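# Observations on the three-dimensional arrangement
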Number of protein chains: 2
Amino acid sequence: MEIIKPRTLSGFMELLPAKQAQFERMLAVLRSTYASYGFAALDTPVIEDAQILLAKGGGETEKQIYRFQKGDSDLALRFDLTVPLAKYVALHCNDLAFPFRRFQISKVYRGERAQRGRFREFYQADIDIIGDGKLDIMNEAEIPAIIYKVFRGFGLSRFQIRVNNRKILSGFYAMLELSDKSGDIMRTVDKLDKIGADKVRGILISECGLTEAQSDEILKFIAITGSNAEVLSALEGYAGRNELFDLGLSELKAVCCNLAAFGVPEANFAVDLTIARGLDYYTGTVYETTLLDHPEIGSVCSGGRYDNLAGYYIEKQLPGVGISIGLTRLFYVLDEQGLLNPDLPSAPADALVLPMTAEAAPAIALAETLRSSGLRVQLYSEQKKFKQKMAYADKLGVPFAVLLGEDEIAEGLCSVKNMVSGEQVKLSLVEAAAYIRAALEANNGPIILEK
Amino acid sequence: MEIIKPRTLSGFMELLPAKQAQFERMLAVLRSTYASYGFAALDTPVIEDAQILLAKGGGETEKQIYRFQKGDSDLALRFDLTVPLAKYVALHCNDLAFPFRRFQISKVYRGERAQRGRFREFYQADIDIIGDGKLDIMNEAEIPAIIYKVFRGFGLSRFQIRVNNRKILSGFYAMLELSDKSGDIMRTVDKLDKIGADKVRGILISECGLTEAQSDEILKFIAITGSNAEVLSALEGYAGRNELFDLGLSELKAVCCNLAAFGVPEANFAVDLTIARGLDYYTGTVYETTLLDHPEIGSVCSGGRYDNLAGYYIEKQLPGVGISIGLTRLFYVLDEQGLLNPDLPSAPADALVLPMTAEAAPAIALAETLRSSGLRVQLYSEQKKFKQKMAYADKLGVPFAVLLGEDEIAEGLCSVKNMVSGEQVKLSLVEAAAYIRAALEANNGPIILEK
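Residues numbered from 1 in each chain as written. Chains lettered and ligands numbered in written order. Predicted model: local features only at pLDDT ≥ 70, side-chain atom pairs only at ≥ 80, totals over all residues. Heavy atoms only, no water.

## With respect to the overall build of chain A
Looking only at helices and strands, chain A features 18 helices and 16 strands. For chain A, buried positions account for 57% of its 451 residues. Considering only contacts in chain A between residues 6 or more positions apart, those separated by 24 or more positions represent 68%. Split by element, the accessible area of chain A, about 18,200 Å² in all, is 49% carbon and sulfur. With 50 positive and 59 negative side-chain charges, chain A shows a spacing of 4 Å between the two charge centroids. (Helix = DSSP H or I, 4+ residues; strand = E, 2+ residues; numbered from the N terminus. Buried < 20%, exposed > 50% of the residue type's maximum accessible area, 1.4 Å probe, protein only. Contact = heavy atoms within 4.5 Å. Areas by Shrake-Rupley, 256 points an atom, 1.4 Å probe, with all protein chains shown as cover. Lys, Arg positive; Asp, Glu negative; His and termini not counted. Charge placed at Lys NZ, Arg CZ, Asp CG, Glu CD.)

The structure is reproduced here in structure tokens:
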């Protein structure tokens, strides 16, 4: 037979089992946290009609999209989860209850130029709350609580949810009579972290065409920092000059003043006037989330409030608020930096049952007993020498081996061997299950390490 | 703005939230059952190199596959999970511990002609156990236990796992000196359920070129029925005439004799000599699973033992055994026939918190308290009339609404309303959580109904 050399396409993440177990653990935190806030799980097709996916059209998307013909159909793979959500809500709006809250954790596809840490197939973990015509500001206030719970669920405490409001920015630019340039200005200000204040000022003057006075006003504005109370207080100084600004400020206050009730500590939250999110799409609260010890990773969870989700598909006004986590890239970076906790179990089984006798039935019954107590158990059935069996247990990384020889069977016991410490104890089947469960429950460290 | 009419491609399942909740419940049973037997979760790319996916080549696959160019790359979407597994094992074989046990529950793609109940994008829920050179028969014996646990997990008891062994069939055909025609014969016999014994006999003679005596021998053989012990006993009558047959019979006995230890009742298992599985791929035990009250659905879980998983990619001999559930089609048929239990909760939240005062903080704190007890809780924040709030709770199908007015806040209580019975009780926050949890836990009916 002719052999074809196997390979996985570059830009596609394919993990070995132990790494996949770490990835699954992050998925589980996301699913349960999103579900705990009443978001419905959704699952839309990977393939959509290309005309529909590209309704908005435009630059990068069009270049990167995987688009192809099948029969007469012009098809494409989704490049995000927002456009399919817009289609879904527009298509099914009569069957949905609004506000409609959904989460979707799915793969999306972008045929980007291959480079280290860039993926052509990657998971997005999104939540959105969609209103029918209106959506209360409290939905925007709830989002930081969900972000907080997700990252706490990952085991982190040194992260910061940074929040701003686009109405404040737009209102402020209107005060300076710079509304027509606000897009350019926001995109420039967005680079503050990367290039510094001086260069931002330079670009504002030379490329955006601002006066020196206007540039100084903007730099003074975005330099407002301090505690949330201090920032809000400084913003009060601009109040009364522009309606949109005032509305944005009242929204920002509503978001900030309920944080304690939502259980979000002040240390994990900051009003940050430099955040704009590049997209014109957002119209209210905007969010970014950074790992305090790893600013180089950039925002790990971003999103915001928008006013019109599905304008390309339906006349109905559908405002919403949502966030997205680029899970594949986040996982890749965490792994690269050695931040995934190696001490959590990553074997496919909690216990490996090793029969030491020719008769299989006792070992089968032992494995079933352990399973019925909630353990993940593999029965090892190959006819190998003891040493080879233990080598297999080691390679698998299984935390416990359970040995069943003639003596154990005669006594109604089994021998439980801790594969890390080497310690071995003889226990009844019920005791063995409890013993292994207790050890696993004690190993409850964080998924992501902080260092 | 120009409106593009939203649509979802035909042949692609896109569920409303309540239906998706039912689908997710089946996914959860599959994941936890597969994991409990020590299978590692795996996630391979949807897109692969077309040359690699089509290494085996051949007919239907080539016609149905979604294949396209991107840049210089010849790409295709996976059409099953077995070929990507073969690639994965061949590519990573030095990093894997053998036997390698993996499960994958993922979407696959086949551009079939659109028709009712046929899907172009559908989930397969697969497990496979791959050996390096050898794989003990006990792995084949374990598979019925896993199938049993999955369908019991769905809430079913009236199903049957039907098992045969290809070595018995091949050995039997060798006795009749029909080895060269065994493929044709097995494909014909496979139609027995659909077309009956007479027509099978006719095809065997007219199309396969068998003599009347040979056809009668085959029909007599596949007519062997009864309890497992009776079938095995009848098969003993053929023993000693062909080595392959004898090996198959010993394998079948090993599979049957450990069923009790694996906890599989005799009622859910049958040796069935008519089962061959069309594919030449299988070489030992083969499995089909039928719902006893719904034979028209056909096999809902099939698979078998094969000797060479990855021969197209690697010289190494990799025998294995695996099963696959076509989950999307199964779900579609169950739904069509009204067999999905409508009484299980399908709302995205267990409780909807309805604030009745202007101040949000007490309702937020209530929602967080309920969540911390493990409930899925949505905080309703829209400024609507009471009637509209209750209509929303109804449309969402949420089992409990939790009302918080001024009286409740003053008393440190909340009002819990059962949305089905209409009953309403005032409870402390901790009592409310326990009350709702108890009601949800009492609602533990089967996922799939039997009728």
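## Some thoughts on the pairing of strand β16 (residues 424-428) of chain A
Residues and elements named next belong to chain A. With five bridges joining them, strand β15 (residues 413-418) and β16 adopt antiparallel strand pairing. Residue pairing across strands places C414 opposite L427, the latter belonging to β16. Two successive antiparallel strands, β15 and β16, enclose a turn made up of five residues, where G422 displays a positive phi of approximately 85°. (Pairing = 2+ DSSP bridges.)

## Details of the relation of the copies chain A and chain B
Each copy superposes on the other: chain A lies on chain B with an RMSD of 0.0 Å after a rotation of 180° and an axial shift of 0.0 Å. The transformation just described matches what one would write down for a two-fold rotation axis. When C-alpha distances to the rotation axis are compared across chain A, the minimum falls at F68(A), with a value of 3.0 Å. Residue by residue, 100% of the interface of chain A is reproduced at the interface of chain B, so both copies engage with the same surface. (Least-squares fit on C-alpha atoms with pLDDT ≥ 70 in both.)

## Remarks on the interface of chain A and chain B
On the chain B side, the residues contacting the 98 residues of chain A number 98 residues. Overall, the association of chain A and chain B removes approximately 8,100 Å² of surface from exposure, summing both partners, and the carbon and sulfur fraction of that is 60%. K107(B) is paired through a salt bridge with D43(A); the nearest N and O atoms lie 2.9 Å apart. In this structure, the connection of chain A to chain B is made through 46 residue pairs in polar contact (both at pLDDT 80 or more). Per element, the largest residue contribution to the side of chain A that touches chain B is six residues, and it comes from helix α1 (residues 17-36) of chain A. Along the lines of polarity and charge, the residues of the side of chain A that touches chain B split into 56 nonpolar, 16 polar and 26 charged. (Buried area = accessible area lost by both parts, 1.4 Å probe. Salt bridge = Lys/Arg side-chain N within 4 Å of Asp/Glu carboxyl O. Polar contact = N/O pair within 3.5 Å; in protein donor to acceptor, adjacent residues only side chain to side chain. Nonpolar A, V, L, I, M, F, W, Y, C, P; charged D, E, K, R; others polar.)

## Considering the environment of L27(A)
All names here are of chain A. Counting through the fold element by element, L27 comes out in helix α1. Linking L27 and Y123, residues 96 residues apart in sequence, is a C-alpha distance of 9.9 Å. Aside from chain neighbours lying at most four places away, what touches L27 is I105 and L327.

## Considerations on the pairing of strand β14 (residues 400-404) of chain B
Residues and elements named next belong to chain B. Where burial is concerned, most of β14 is hidden: five out of the five residues are buried. The sheet contact formed by strand β12 (residues 351-355) and β14 spans five bridges and is parallel. Its bridge partner lying in β14, L354 is registered against L403. As judged from the four bridges shared by β14 and strand β15 (residues 413-418), these two strands associate in the antiparallel manner.

## Things to note about the pattern of salt bridges
Residue and element names in this part refer to chain B. Overall, the coordinates contain 58 salt bridges over all chains when judged by the stated rule. With its nearest N and O atoms 2.9 Å apart, the salt bridge here joins R158 to D293. Highlighted residues: R158 in the loop between α5 (137-153) and β7 (159-165) and D293 in the loop between β9 (282-291) and β10 (302-306), separated in sequence by 135 residues. For R158, a relative accessible area of 41% gives the class partly exposed.

## Quick look at the packing of helix α6 (residues 166-175) of chain A against helix α12 (residues 243-257) of chain A
Each pair of packed helices gets described by two things: the angle between the helix axes and the distance between those axes. Residues and elements named next belong to chain A. Contact geometry for α6 and α12: axes closest at 7 Å, N-to-C directions at 155°. In this view, α6 runs roughly antiparallel relative to α12, as classed from their interaxial angle. Classified by chirality, the crossing of α12 by α6 is left-handed. Residues K167, I168, S170, G171, F172 and M175 of α6 form the contact with α12, whose participating residues are L244, F245, L247, G248, L249, E251 and L252. Split by residue class, the contact of α6 with α12 holds eight nonpolar, three polar and two charged. (Axes fitted to C-alpha atoms, helices over the stretch in contact; angles between N-to-C directions. Parallel < 35°, antiparallel > 145°, perpendicular 65-115°, else oblique. Left-handed = near helix turned anticlockwise from the far one by under 90°.)

## Points about helix α4 (residues 82-92) of chain A
Counting buried positions along α4(A) yields nine of eleven residues, so the element is predominantly enclosed. Contacts made by the buried residues of α4(A) are with β2 (47-49), α2 (50-53), β5 (100-109) and β6 (121-130) of chain A together with α1 (17-36) of chain B.

## As for unusual backbone geometry
Residues and elements named next belong to chain A. Here F98 and P99 are connected by a cis peptide whose omega angle stands at 0°. Within the secondary structure layout, P99 lies in the loop between α4 and β5. The phi torsion at E177 lies on the positive side, around 55°, for a residue other than glycine. For E177, a relative accessible area of 69% puts it in the exposed group.

## Quick notes on the packing of aromatic side chains
By the definition in use, this model includes 37 aromatic pairs over all chains. Taken together, a centroid distance of 4.8 Å and an interplanar angle of 15° make the contact between Y281(B) and Y306(B) stacked. Here Y306(B) lies in strand β10 and Y281(B) lies in the loop between β8 (269-271) and β9, a separation of 25 residues in the sequence. Judged by its relative accessible area of 2%, Y306(B) is buried. Pairwise contacts between aromatic rings join F172(A), Y173(A), F221(A), Y238(A) and F245(A) into one cluster. Looking at K70(B), its charged tip hangs above the ring of Y66(A), at a distance of 5.3 Å from the centre. The ring of F39(B) has R101(B) sitting right over it, with the charged end atom 4.5 Å from the ring centre. (Phe/Tyr/Trp six-rings, centres within 6.5 Å; stacked < 30°, edge-to-face > 60°. Lys NZ or Arg CZ within 6 Å of the ring centre and 35° of its normal.)

## Description of empty space enclosed by the protein
As enumerated under the stated definition, the model contains six cavities of 30 Å³ or more in all. Of the voids in this model, the largest cavity is the one considered here, and its volume is about 610 Å³. Every residue lining the largest cavity is counted, 30 residues in all, and those nearest its centre are I105(A), Y123(A), R31(B), I105(B) and Y123(B). When residues of the lining of the largest cavity are traced back to their parent elements, those giving at least two are α1 and β5 of chain A together with α1 and β5 (100-109) of chain B. Here the lining of the largest cavity is built from residues that sort into 16 nonpolar, four polar and ten charged. (1 Å grid on protein atoms, 1.4 Å probe; cavity = no way out; pocket = protein on both sides within 12 Å on 5 of 7 lines; lining within 4 Å. Points joined across faces, edges and corners; volume = space filled by probe spheres on them.)

## Description of the sheet that holds strand β2 (residues 47-49) of chain B
By way of backbone hydrogen bonds, the strands of a sheet pair with one another, either parallel or antiparallel. All names here are of chain B. A sheet is described by the order of its strands in space; here three strands give the open sequence β2-β4-β3, paired in antiparallel fashion. Strand pairing shows two members of the sheet lacking a second neighbour, β2 and β3 (67-70), which therefore form its edges. When strand polarity is set aside, the average angle formed by the axes of neighbouring strands in this sheet is 40°.

## Some remarks on helix α15 (residues 361-372) of chain B
Every α-helix carries 3.6 residues per turn, so stepping three or four residues along brings you back to the same face. Residues and elements named next belong to chain B. Over its twelve residues, α15 extends 16 Å from the first C-alpha to the last, a length consistent with the 16 Å expected when each residue adds 1.5 Å. Of the positions making up α15, those classed as buried are A363, I364, L366, A367, E368, L370 and R371. Two residues or fewer after α15 comes G374, characterised by a positive phi angle close to 100°. (Expected span 1.5 Å × (residues − 1).)

## Remarks on the confidence of the model for chain A
Segments scoring low in pLDDT should not have their predicted coordinates read at a detailed level. When pLDDT is averaged along chain A, the result is 94, and 99% of the positions lie at 70 or above. Scoring the predicted complex yields pTM 0.96 and, for the interface, ipTM 0.96. (pLDDT = per-residue confidence, 0-100.)

## As for the state of the cysteines
Joining two cysteines, a disulfide is a covalent bond between their sulfur atoms. Residues and elements named next belong to chain A. Evaluation of the coordinates by the stated rule reveals zero disulfides over all chains. No disulfide involves C257; its sulfur sits 7.9 Å from the nearest other cysteine sulfur, which is in C256. We classify C257 as exposed; its relative accessible area is 59%. (Disulfide = S-S within 2.5 Å.)

## Quick notes on the sheet that holds strand β4 (residues 73-77) of chain A
Residues and elements named next belong to chain A. The strand order across the open sheet built from three strands is β2-β4-β3, with neighbouring strands paired in antiparallel fashion. Each end of this open sheet is capped by a strand with a single partner; those strands are β2 and β3 (67-70). Strand-to-strand twist of the sheet, defined as the mean angle between neighbouring strand axes without regard to direction, takes the value 40°. Examined bridge by bridge, β2 and β4 share three bridges and lie antiparallel to one another. Bridging from a neighbouring strand, I47 pairs with L77 of β4.

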